[in-house]
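# A closer look at the structure
For reference, the chains in residue letters:
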Amino acid sequence: MSDHPYSPAFAKAGFGFVSGALSVDNAGIAVAGRAEALDAAIARLTERLATIGMDLKDVIKTTYFVTDVTMRDEANTHYEQLFAEPRPARSFVEVAALPYGATVEIEAIAYK
């Protein structure tokens, strides 16, 4: 999954911009299960943040792309567990499909 023409994460002027992190395992295989997919996408997001010296506490905005909008309630519960108040702003968008058969993709903006 490293053969892409973009940066997985990019830092500039205190901001971190993280490309969409998919619900895949370390080998790039889609993770089955709703909660498991959310966890996997956050794990990939966390890895990308680390490459620019940031972590979840620095996130100020996320966008969730999901293949099933009914995941919203689970994503809300998951969000409450991940982020302290005030929680980052978030958009939640249903899409027809995601790469590699993933069901969740999360992109983020961070600031440190």
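Rules behind the numbers
- Residues numbered from 1 in each chain as written.
- Predicted model: local features only at pLDDT ≥ 70, side-chain atom pairs only at ≥ 80, totals over all residues.
- Heavy atoms only, no water.
- Helix = DSSP H or I, 4+ residues; strand = E, 2+ residues; numbered from the N terminus.
- Rg over C-alpha atoms; globule rule 2.2 N^0.38 Å.
- Buried < 20%, exposed > 50% of the residue type's maximum accessible area, 1.4 Å probe, protein only.
- Contact = heavy atoms within 4.5 Å.
- Lys, Arg positive; Asp, Glu negative; His and termini not counted.
- Charge placed at Lys NZ, Arg CZ, Asp CG, Glu CD.
- Phe/Tyr/Trp six-rings, centres within 6.5 Å; stacked < 30°, edge-to-face > 60°.
- Lys NZ or Arg CZ within 6 Å of the ring centre and 35° of its normal.
- Salt bridge = Lys/Arg side-chain N within 4 Å of Asp/Glu carboxyl O.
- Axes fitted to C-alpha atoms, helices over the stretch in contact; angles between N-to-C directions.
- Parallel < 35°, antiparallel > 145°, perpendicular 65-115°, else oblique.
- Left-handed = near helix turned anticlockwise from the far one by under 90°.

A separate point is the overall build of the protein chain. Counting secondary structure elements, the protein chain contains two helices and five strands. Along the chain direction, N to C, the helices and strands of the protein chain fall in the order β-β-α-β-α-β-β. Compactness check: the protein chain gives a C-alpha radius of gyration of 13 Å against a globular reference of 13 Å for 112 residues, within 12% of the reference. In the protein chain, which comprises 112 residues, the proportion classed as buried is 38%. Of the contacts made within the protein chain by residues no fewer than 6 positions apart, 72% connect residues no fewer than 24 positions apart. Computed over 10 positive and 15 negative side-chain charges, the inter-centroid distance for the protein chain is 7 Å.

Below, the discussion takes up the packing of aromatic side chains. Where two aromatic rings form a pair, the distance of their centres and the angle of their planes describe that pair. Following the criterion strictly, the structure yields five aromatic pairs and no others. Feature note: the residues Tyr64, Tyr79, Phe83 and Phe92 constitute an aromatic cluster, connected by ring pairs. Residue placement shows Arg90 over the ring face of Tyr64; its charged tip is 5.2 Å from the ring centre. Positioned above the aromatic ring of Tyr79, the side-chain terminus of Arg90 is 5.0 Å from the ring centre.

This brings us to unusual backbone geometry. Going from Glu85 to Pro86, the amide bond is cis rather than trans, its omega being -5°. By the secondary structure assignment, Pro86 is in the loop between α2 (72–82) and β4 (89–94). In this structure, Ala13 is a non-glycine residue whose phi angle is positive, near 55°. Mapped onto the elements of the fold, Ala13 is located in the loop between β1 (9–12) and β2 (15–22). Residue class for Ala13 comes out exposed when judged on its relative accessible area of 70%.

Across all of its chains, the model carries six salt bridges by this definition. With its nearest N and O atoms 2.7 Å apart, the salt bridge here joins Arg44 to Glu47. Residue Arg44 and its partner Glu47 are located together in helix α1 (residues 34–50), separated by three residues, close to a single helical turn. Under the relative-accessibility criterion, Glu47 is labelled partly exposed at 39%. When salt bridges with common partners are traced through the structure, they connect Arg34, Asp68 and Glu74 into a single cluster.

On to the packing of α1 against α2. The N-to-C vectors of α1 and α2 enclose an angle of 45°; their axes lie 10 Å apart at closest approach. Here α2 runs oblique to α1, going by the angle between their axes. α1 and α2 meet at a crossing whose hand is right-handed. On α2, the residues touching Arg34, Leu38, Asp39 and Ile42 of α1 are Glu74, Ala75, His78 and Leu82.

Everything listed is a geometric property; what it means functionally is a separate question.
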